[in-house]
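In case you want the letters, here they are:
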Amino acid sequence: MPSILEDPTSKLPAPETAQQASQTLTPRRAQLKDGTPVTLYPVANGPQSIPADLVALLHREFSEEIKAGCTYPMEEPMTLERFADYWFGTFAVVAVLGEEEALREGRDWEKECLGTFYIKPNYPGRCSHVCNAGFLTTVAARGRGVGIVMGETYLAFAPKLGYKYSVFNLVFENNVASVKIWERLGFNIIGRVPGAARLANSEELVDALIIGRDLV
């Protein structure tokens, strides 16, 4: 469910209201489509605030997603350090099986971690109340309905952080599952960039959809 635009080497600061509100968010519980419980943990204090082995797993998963060349615009994986700051340096959420109260070291993350997403400003300064997000579903979670659960959690958390509107900049048109999830959650296609992407799963250039929704 990717939607990124920004340069991974740069970072827009979150509005002060979002930084303050992020400290008040608590884990959100949900269920997968088969009824399995899942907990979605807010990560508001950087990658050092969650287990290092969890960050390492997500880095490996994200690297494989980039190398596959079908959903994200990057051509080369990031280093672990860059990924950790890029993904968790502003605000993020991690989806994990079960109903524990907190994340802890030593769990079998390959089986228990289902995915993650971040929330960041899409623009700087006076436009920073418009947010963007990037999503990653792990291999263990494919086909289990994690995408819709993370999307619902995004819509629950983003307004609490003070964001007023959501823009997804690069939703590739041939990523049909992702487009369906966002349409199901009330997003609309507000723009199109023709031939925006050279993807591994298409011989032709693929259009990127710009998808938006009011969060108020």
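Read on for an overview of the structure. Quantities reported herein were computed from a predicted structural model and do not represent experimental measurements.

Taking strand neighbours across the sheet as the criterion, the eight strands line up as S1-S2-S3-S4-S5-S6-S8-S7 in an open arrangement whose pairing is mixed. Looking at which strands have only one partner, the edges of the open sheet turn out to be strand S1 (28–31) and strand S7 (188–197). Between one strand and the next, the sheet's axes are offset by a mean angle of 25 degrees, whatever the strand orientation. Here strand S2 (residues 37–43) runs beside strand S3 (residues 92–97); their pairing, made up of six bridges, is antiparallel. Bridged to threonine 39 within S3 is valine 96. Where helix H5 (residues 146–160) meets the sheet, it contacts S1, S2, S3, strand S4 (113–121), strand S5 (130–137), strand S6 (165–172) and strand S8 (206–214), and its direction lies at approximately 155 degrees from that of S5.

With respect to the helices and strands, asparagine 169 occurs in strand S6. By relative accessible area, asparagine 169 is classed as buried at 8%. A polar contact is formed between the side chain of asparagine 169 and the side chain of asparagine 122, at a distance of 2.8 Å.

What counts as what
- Residues numbered from 1 in each chain as written.
- Predicted model: local features only at pLDDT ≥ 70, side-chain atom pairs only at ≥ 80, totals over all residues.
- Heavy atoms only, no water.
- Pairing = 2+ DSSP bridges.
- Helix = DSSP H or I, 4+ residues; strand = E, 2+ residues; numbered from the N terminus.
- Axes fitted to C-alpha atoms, helices over the stretch in contact; angles between N-to-C directions.
- Contact = heavy atoms within 4.5 Å.
- Buried < 20%, exposed > 50% of the residue type's maximum accessible area, 1.4 Å probe, protein only.
- Polar contact = N/O pair within 3.5 Å; in protein donor to acceptor, adjacent residues only side chain to side chain.

Keep in mind these values describe shape, not function.
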